[in-house]
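Chain by chain, the residues:
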Amino acid sequence: MLKSGEPFVRIVKNDISDRKAALLSVYAVIFAIIMGGIFILCLGINPFNAYASILKGALATKMAIQATVKIAIPLLISALGITLAFKMKFWNIGAEGQIIVGGIFATYFALFHHNLPHFVLILVMLIAGMIGGGLWALIPAYFKCKFDTNETLFTLMLNYIALYFIKFFVEGPWRDPESSGFPKIAMFEQNARLDKVFGVHAGWIIALVLVVFIFIYLKYTKQGYEISVVGESQNTARYAGMNVKKIVLRTMFLSGAVCGLAGMAQVSGAAFTLSDGVAGGVGFDAIIVAWLARLNPFVCVVVTLLLSILEKGCSVMQSTFGLSTAVSDILQGIILFCILGFDFFAQYKPVFRNGGAAK
Amino acid sequence: MMRFIDFLYAAIKAGTPLLFGTTGEIITEKTGNLNLGVEGMMYMGAFAGFFVGYHTSNLALALIAAFVIGAFGALIYAFLTVTLRANQTVTGLALTIFGTGFANFFGQLMIKHAPNGTPKLSETFMDAVSAKGIPLLSSIPYVGKLLFSHNVLVYIAIIVAIICGIYLKYTRAGLNMRSVGENPAAADAAGLNITFIKYFNITLGGGICGLGGAYISLINGGGVWNNGCVNGQGWIAVALVIFASWSPVKALFGSLVFGATTVLQYYVPKDIIEIPNAFYVMLPFVITAIVLVITSIKQTKEGAQPLGCSNNYFREER
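Residues numbered from 1 in each chain as written. Chains lettered and ligands numbered in written order. Predicted model: local features only at pLDDT ≥ 70, side-chain atom pairs only at ≥ 80, totals over all residues. Heavy atoms only, no water.

**Q** Can you explain the overall build of chain B? Please cite residues and give values.
**A** Along the backbone of chain B there are 13 helices and 0 strands. Taken from the N to the C terminus, the helices and strands of chain B come in the order α-α-α-α-α-α-α-α-α-α-α-α-α. Since a compact globule built from 318 residues should have a radius of gyration of about 20 Å, the 20 Å found for chain B is in line with a globular shape. Projected onto its principal axes, the C-alpha positions of chain B cover 60 × 50 × 40 Å. Residues classed as buried in chain B amount to 59% of the 318 residues present. Taking the intrachain contacts of chain B between residues at least 6 apart in sequence as the baseline, contacts between residues at least 24 apart amount to 78%. For chain B, the exposed surface amounts to about 12,900 Å²; the carbon and sulfur share of it is 66%. Side chains of chain B give 18 positive and 13 negative charges; the mean places of these two sets differ by 5 Å. (Helix = DSSP H or I, 4+ residues; strand = E, 2+ residues; numbered from the N terminus. Rg over C-alpha atoms; globule rule 2.2 N^0.38 Å. Buried < 20%, exposed > 50% of the residue type's maximum accessible area, 1.4 Å probe, protein only. Contact = heavy atoms within 4.5 Å. Areas by Shrake-Rupley, 256 points an atom, 1.4 Å probe, with all protein chains shown as cover. Lys, Arg positive; Asp, Glu negative; His and termini not counted. Charge placed at Lys NZ, Arg CZ, Asp CG, Glu CD.)

In structure tokens, the structure reads:
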């Protein structure tokens, strides 16, 4: 079999079953946890104690669980929004900005129309958040359709533009006249705050409803089917008589609208005000969630919970072991690297020269 | 007039870390990889540069450390995207998260172990990185202050950008790597070693980004370590790549413009023109978005993202 010139190892495409792919993900997570453990060990801390304190910190008490869920809500909602766009292979990394604009739109009604009946006000804020995020996402979608403008970079820029709009509102027209010193926006009236259900704001219900809704939308509706055809091949879609532009615009509006909803949930449920920390990197984390979940809404829930547990748990580990909260970012990074690396084996397999494929 | 010179001087100073980051990212993108980890690599460089500078008081060692750690970050990215063919966008984001955490985590440890809780660079080190005029030239009125009285890193950044410009445009290696970035299949057929070329240029680009981080922690920080010092400048650098239409030499001009917009608010007379501060800081991003649209309308091959960007190359996939 040994031919001269054949490389020692070459890579071939691999087709594996869904079950095997799922198993591979589990291996990846285990490998990632081991790598993270090695890092913790290098810091001179027993990794078992560290992981135990992460789990305890995130899940041990009712309050801890509530805090973990609170972290998970915006992450899950925006991951679902991103899923819509990514399914279409529209690389929307502008969730951060769409969350912010959704938050700004919702805040407008919270500040200036807070006399509406509670139910109406919340509903108006929800719709405003969706319209805000949707419109913000339509901008790159429009230019993508019209001029094929690179959406990755465009949405990235829009994140910062949105962020500084908050700065503008905080320092300018919406500044709370009663706060002395550092400019900020007034806290919302009770009337404009999302109600709590089981101790956590109702955003979690919105998120879970969205999971089911988006799963059905993508899998069982005509529009969902159109999204995946456009994602696979725009030419095929065109040949089949689909209006690609319309689909792209519609899907991006929906994607942004869902992210805008996350912004609304943040201002109305968590912060009760609008500040430049409203998105705080959630839009970027959500991309990672959507990707790791392979754009499956239900898997998004699992991945979101894992990341939220890690984040909440690390903040507790900080006080136990005297480590900075940044350790959560490092661990997240290491875990992501591992999982991204393992993804390789789901798609390819190395073949060695002296016969036999590696398993 | 002096006020205007002061303004340009400040713009150059503010634009230098952006110039490093942009040059590094241009090299990376030209070889066909969109690395969104610039922010992370700059953070890693910022920490490593400061840490080594703090302990050795040696500028050269500090810069080498920043370069090496930036290159290391890029190497992780290269391994994942080139060898393991992971999604470039997500890998870049992961690198940003990792790098940010890395700098803030070890920065916090450094703060904990420093006397008075403030790690401070030594006098000799601060003297080495302070702005020094080039003898004779710096005493030319106006021009001397503007061009010949900066700290040494400003000149390094300019030289690096020019060398990279020459490398891309006038050397065989540069031509090879650009062909890999535009059309890897053709480059592969022509017998180029795609894997090596990608690895080399991605790590080189990452190292240059690391230098940009070192500039931020060593110069902008005033000799004291701050967690969170890079603060989005890596992302501006990614934007600047577009503004400079993937040319390191144009990046010289671009980083001056972006640097100018970041300091503009301190130099515009408030009594004459009154614009909220937020719009000043928004300016670089708005300009970049507009540039992005204009280049896409013009559809020029010249000033556009390399075609192979953000797609991983797999030989057997046609």
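Further notes follow.
**Q** Pulling in residues and values, what's your account of the packing of aromatic side chains?
**A** What the rule picks out here adds up to 41 aromatic pairs over all chains. Relative to Trp204(A), the ring of Phe198(A) lies with its centre 6.1 Å away and its plane at 35°, an arrangement referred to as tilted. Look at Phe98(B) and Phe102(B): their rings are 6.2 Å apart centre to centre, the planes differ by 35°, and that puts the pair in the tilted class. Remark: Phe102(B) and Phe98(B) occur in helix α4 (residues 88–113); sequence separation between them is 4 residues, near one turn of the helix. When its relative accessible area of 15% is taken as the criterion, Phe102(B) is described as buried. Linked through ring pairs, Phe39(A), Phe337(A), Phe47(B), Phe50(B), Phe51(B), Tyr54(B), Phe98(B), Phe102(B), Phe105(B), Phe106(B) and Trp225(B) together constitute an aromatic cluster. Looking at Arg193(A), its charged tip hangs above the ring of Phe272(A), at a distance of 4.2 Å from the centre. Positioned above the aromatic ring of Tyr348(A), the side-chain terminus of Arg85(B) is 5.3 Å from the ring centre. (Phe/Tyr/Trp six-rings, centres within 6.5 Å; stacked < 30°, edge-to-face > 60°. Lys NZ or Arg CZ within 6 Å of the ring centre and 35° of its normal.)

**Q** I'd like a description of the pattern of salt bridges, backed by residues and values.
**A** Residues and elements named next belong to chain A. Scanning all chains against the criterion turns up 6 salt bridges over all chains. Put simply, lysine 144 and glutamate 151 hold a salt bridge, and the shortest N to O gap is 2.9 Å. Here glutamate 151 falls in the buried class, since its relative accessible area comes to 5%. Glutamate 171 is paired through a salt bridge with lysine 167; the nearest N and O atoms lie 3.0 Å apart. (Salt bridge = Lys/Arg side-chain N within 4 Å of Asp/Glu carboxyl O.)

**Q** Residue-level account of the environment of Asn116(B), with values.
**A** In this structure, Asn116(B) sits in the loop between α4 and α5 (123–129). Residue Asn116(B) is classed as exposed on the basis of its relative accessible area, which comes to 77%.

**Q** A description of the state of the cysteines should follow, citing residues and the corresponding values.
**A** Residue and element names in this part refer to chain A. Under the counting rule described, the total for this entry stands at 0 disulfides over all chains. Looking at cysteine 145, it has no disulfide partner, and the nearest cysteine sulfur is the one in cysteine 259, 18 Å off. We note that cysteine 259 lacks a disulfide partner, and the nearest cysteine sulfur, in cysteine 300, lies 11 Å from it. Residue cysteine 259 is classed as buried on the basis of its relative accessible area, which comes to 0%. (Disulfide = S-S within 2.5 Å.)

**Q** Outline the side chain of Thr107(A), supporting the account with residue identities and numerical values.
**A** Among the structural elements, Thr107(A) can be located in helix α4 (residues 95–112). Ignoring sequence-local partners within four residues, the contact set of Thr107(A) consists of Trp174(A), Phe188(A), Val267(A) and Leu274(A).

**Q** Got a sec to walk through α4(B)? Specific residues and values, please.
**A** All names here are of chain B. In a regular helix each residue adds 1.5 Å, so 26 residues correspond to 38 Å; α4 covers 37 Å between its end C-alpha atoms and thus fits that length. With 21 of 26 residues buried, α4 is to be regarded as a mostly interior element. Capping the start of α4, asparagine 87 holds a side-chain oxygen 2.9 Å from the backbone nitrogen of threonine 89, two or three residues further along. (Expected span 1.5 Å × (residues − 1). Polar contact = N/O pair within 3.5 Å; in protein donor to acceptor, adjacent residues only side chain to side chain.)

**Q** For the interface of chain B and chain A, give the residues involved together with the corresponding values.
**A** Across the contact, 48 residues belong to chain B and 46 residues belong to chain A. Here chain B and chain A share an interface that buries about 4,200 Å² over both sides, 82% of which is from carbon and sulfur atoms. It is Ile97(B), Phe105(B) and Phe285(B) in chain B that bury the most area against chain A; as a group they hold 15% of the surface buried on that side. The interface formed by chain B and chain A holds 0 salt bridges in total. Counting across the interface, chain B meets chain A through 1 residue pair in polar contact (both at pLDDT 80 or more). Only α3 (59–83), α4, α11 (233–243) and α13 (277–298) of chain B provide two or more residues apiece to the side of chain B that touches chain A. Among the residues forming the side of chain B that touches chain A, the class breakdown is 31 nonpolar, 13 polar and 4 charged. (Buried area = accessible area lost by both parts, 1.4 Å probe. Nonpolar A, V, L, I, M, F, W, Y, C, P; charged D, E, K, R; others polar.)

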